[in-house]
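Chain residues, written in single-letter form:
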Amino acid sequence: MVRNIELSKRQDLILEIVKDEGPITGEQIAEKLNLTRATLRPDLAILTMAGYLDARPRVGYFYSGKSAPQLLGDLARKKIVKDFKALPVVLKESSSVYDAVCTLFLEDVGTLYIVNDKGYLAGVVSRKDLLRAMLGKQKIEDIPVNIIMTRMPNIVTCFPEDSILEVAKKLINYQIDSIPVVKEAMDEGKPVFEVLGRVTKTTVTKAYVELAGE
Ligand code: ADP
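Rules used throughout
The numbers attached to residues start from 1 for each chain and follow its sequence in the written order. Reporting in this predicted model follows two pLDDT cut-offs: at least 70 for local features of residues, and 80 or more for side-chain atom pairs to be given and counted; totals over whole chains, interfaces and linings ignore these cut-offs and use all residues. As a convention, hydrogens and water are excluded, and side-chain values are obtained from all of the structure's heavy atoms. Per the convention used, a helix needs a DSSP run of H or I reaching at least four residues, while a strand needs a run of E reaching at least two, with both numbered from the N terminus. Note on classification: 1.4 Å probe, protein chains only; a residue is buried when its accessible area is under 20% of the maximum for its type, exposed when over 50%, partly exposed between these limits. Polar contact is defined as a pair of N or O atoms within 3.5 Å, subject to the rule that within protein one atom must be able to donate a hydrogen and the other to accept it, and that residues adjacent in sequence are counted only when both atoms are side-chain atoms. Note on definitions: a residue-residue contact is assigned when non-hydrogen atoms from the two residues lie within 4.5 Å. Aromatic rings from Phe, Tyr and Trp, taking only the six-membered ring of Trp, are treated as a pair when their centres fall within 6.5 Å; an angle between ring planes under 30 degrees marks them as stacked, one over 60 as edge-to-face, and anything in between as tilted. Here, over-ring charges are defined by two tests on the NZ atom of lysine or the CZ atom of arginine: distance to the ring centre within 6 Å, and angle to the ring normal within 35 degrees. An axis is simply a line fitted to the C-alpha atoms; with a helix, the fit covers only the stretch in contact. Between two such axes, the angle follows the N-to-C directions and lies from 0 to 180 degrees. Roughly parallel refers to an angle under 35 degrees, roughly antiparallel to one over 145, roughly perpendicular to one between 65 and 115, and oblique to any angle outside these ranges. By convention, the crossing between two helices is left-handed when the near helix turns anticlockwise from the far helix through less than a right angle, and right-handed when the turn is clockwise. Charged residues are taken to be Asp, Glu, Lys and Arg, nonpolar residues to be Ala, Val, Leu, Ile, Met, Phe, Trp, Tyr, Cys and Pro, and polar residues to be all remaining types, Gly included. Among buried residues, those of type Ala, Val, Leu, Ile, Met, Phe, Trp, Tyr and Cys that are joined through side-chain atoms within 4.5 Å constitute a nonpolar core. When we say a residue is near a molecule or strand, we mean one of its heavy atoms is within 4 Å of it. Accessible areas in this description were obtained via Shrake-Rupley with a 1.4 Å probe; residue shielding takes into account the shown protein chains only. The span you would expect from a helix comes to 1.5 Å times its residue count less one. Along the arc lie the directions from the helix axis toward the C-beta atoms.

### Side note on the side chain of D129
Phase 1 of the analysis: With respect to the helices, strands and loops of the structure, D129 is situated in helix α7 (residues 127–135).
Phase 2 of the analysis: According to the relative accessible area criterion, D129 is buried, its value standing at 10%.
Phase 3 of the analysis: A polar contact is formed between the side chain of D129 and the backbone nitrogen of S126, at a distance of 2.9 Å.
Phase 4 of the analysis: Dropping the residues within four chain positions of it, D129 is found in contact with V124, I148 and T150.

Here it is, written out as structure tokens:
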């Protein structure tokens, strides 16, 4: 993993040589710079790991043609949902709004995922959904969450193999705070979702901080 995208003068020189003359072997680059292959080895390793160069055995080094922002984008796409997801906080459809509010505080989350009696995703309840329900005259112990939830098929979901970048775009486009991580299953011939985890704005922030460290 590379700590710094900024290149040293020598690394810049190597890039120029490979751009002009690639494919070119390590020995040939070393000769051009009047250095030993051993001195050059760490620079070549850094340039290859950072994605500036491609190395092919017995052929040599190629310039990958990617700019620093493109390389940063490549790194960002490697941050995958399954490595960052948190445990989901789920509640049954038959639970009351009162139960939902208690769970929200106990579990310290902003969004609850609502599941049907078979455990499959049925809806999502957020802070504002609960506040709205509390504005009405009815006692919140008597209101089932499935009346106030946003329900399937309108739930924005993601899969464990999706990139955090895709999830971040969904959070922005749909103006939501949280997305359930799901696995597709079949129930009586119909596609359903098992809930595996959750990704939130905090998840995306964590991935961003990790990326900055790289
Ligand atoms: P808050 O209520 O705290 O602003 P959100 O912005 O996440 O939280 O929720 C806004 C609305 O979007 C709510 O009505 C909620 O039910 C709905 N919602 C939240 N997450 C999702 C999701 N993953 N898919 C579809 N709708 C969602």
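### Some remarks on the packing of aromatic side chains
Phase 1 of the analysis: Under the definition given, this model contains one aromatic pair.
Phase 2 of the analysis: Ring centres 6.3 Å apart and planes at 70° place the aromatic pair F159 and F193 in the edge-to-face group. With a gap of 34 residues between them, F159 in the loop between β6 (150–151) and α9 (164–173) and F193 in strand β8 (residues 190–200) connect regions that are remote in the sequence.
Phase 3 of the analysis: A residue is classified by how much of its surface remains accessible, and F159, at 33% relative accessible area, is partly exposed.
Phase 4 of the analysis: If you follow R56 out to its NZ or CZ, it ends over the ring of F62, 4.1 Å from the centre.

### Focus on the packing of α9 against helix α10 (residues 201–213)
A pair of packed helices is captured by two measures, namely the crossing angle of their axes and the spacing between those axes.
Phase 1 of the analysis: It is at 10 Å that the axes of α9 and α10 come closest, and there the two elements cross at 140°. The angle between α9 and α10 places the two elements in the oblique class. Crossing geometry of α9 relative to α10 is assigned as left-handed. Seen from α9, the contacting residues are I164, A168 and L171; seen from α10, they are K201, T203, V204 and A207.
Phase 2 of the analysis: Residues belonging to the contact of α9 with α10 are distributed by class as follows: five nonpolar, one polar and one charged.

### Quick look at the nonpolar core
Phase 1 of the analysis: Formed by 18 residues in total, the largest nonpolar core has its most connected members in V97, A100, L112, I114, V125, L130 and I148.
Phase 2 of the analysis: Secondary structure elements with two or more residues in this core: α6 (97–107), β4 (111–115), β5 (121–126), α7 and α8 (145–148).
Phase 3 of the analysis: Sorting elements by how many residues they give to this core places α6 first, with four residues.
Phase 4 of the analysis: When neighbours within four sequence positions are excluded, V125 is seen to be in contact with G110, T111, L112, I114, L130, V145, I148 and M149.
Phase 5 of the analysis: With 16 residues, the next largest nonpolar core counts I17, L33, L40 and A50 among its residues.

### What to know about the site of the ligand
Phase 1 of the analysis: With respect to spatial proximity, 14 residues lie near the ligand, and among them S126, D129, T150, V156 and D177 are the closest.
Phase 2 of the analysis: In this structure, an oxygen atom belonging to the ligand sits 3.5 Å away from a side-chain N or O atom of R127.
Phase 3 of the analysis: Taken by itself the ligand offers 550 Å² of open surface, and the protein chains cover 85% of this.
Phase 4 of the analysis: For the shell around the ligand, the secondary-structure elements that each account for two or more residues are β5, α7 and β7 (178–187).
Phase 5 of the analysis: The greatest single-element share of the shell around the ligand, amounting to three residues, is contributed by α7.
Phase 6 of the analysis: The residue makeup of the shell around the ligand, split by class, is five nonpolar, five polar and four charged.

### A few points about helix α1 (residues 9–21)
Phase 1 of the analysis: Between its first and last C-alpha atoms α1 spans 18 Å; for 13 residues at 1.5 Å apiece the expected length is 18 Å, and the two agree.
Phase 2 of the analysis: Among the residues of α1, those classed as buried are Q11, I14, L15, I17 and V18. Burial along α1 is one-sided: seen end-on, the buried residues are contained in an arc of 165°. Residues of α1 that are exposed and point over 90 degrees away from its buried face: K9 and D20.
Phase 3 of the analysis: On its buried side, α1 packs onto α2 (26–33), α3 (37–49), β1 (53–56) and β2 (60–63).

### Regarding the environment of F193
Phase 1 of the analysis: Residue classification places F193 among the buried residues on the basis of a relative accessible area of 14%.
Phase 2 of the analysis: In this structure the C-alpha to C-alpha distance between F193 and M152, which are 41 residues apart in sequence, comes to 9.8 Å.
Phase 3 of the analysis: In this structure F193 touches Y120, L121, M152, T157, F159, V182, K183 and E184, once residues within four positions along its chain are discounted.

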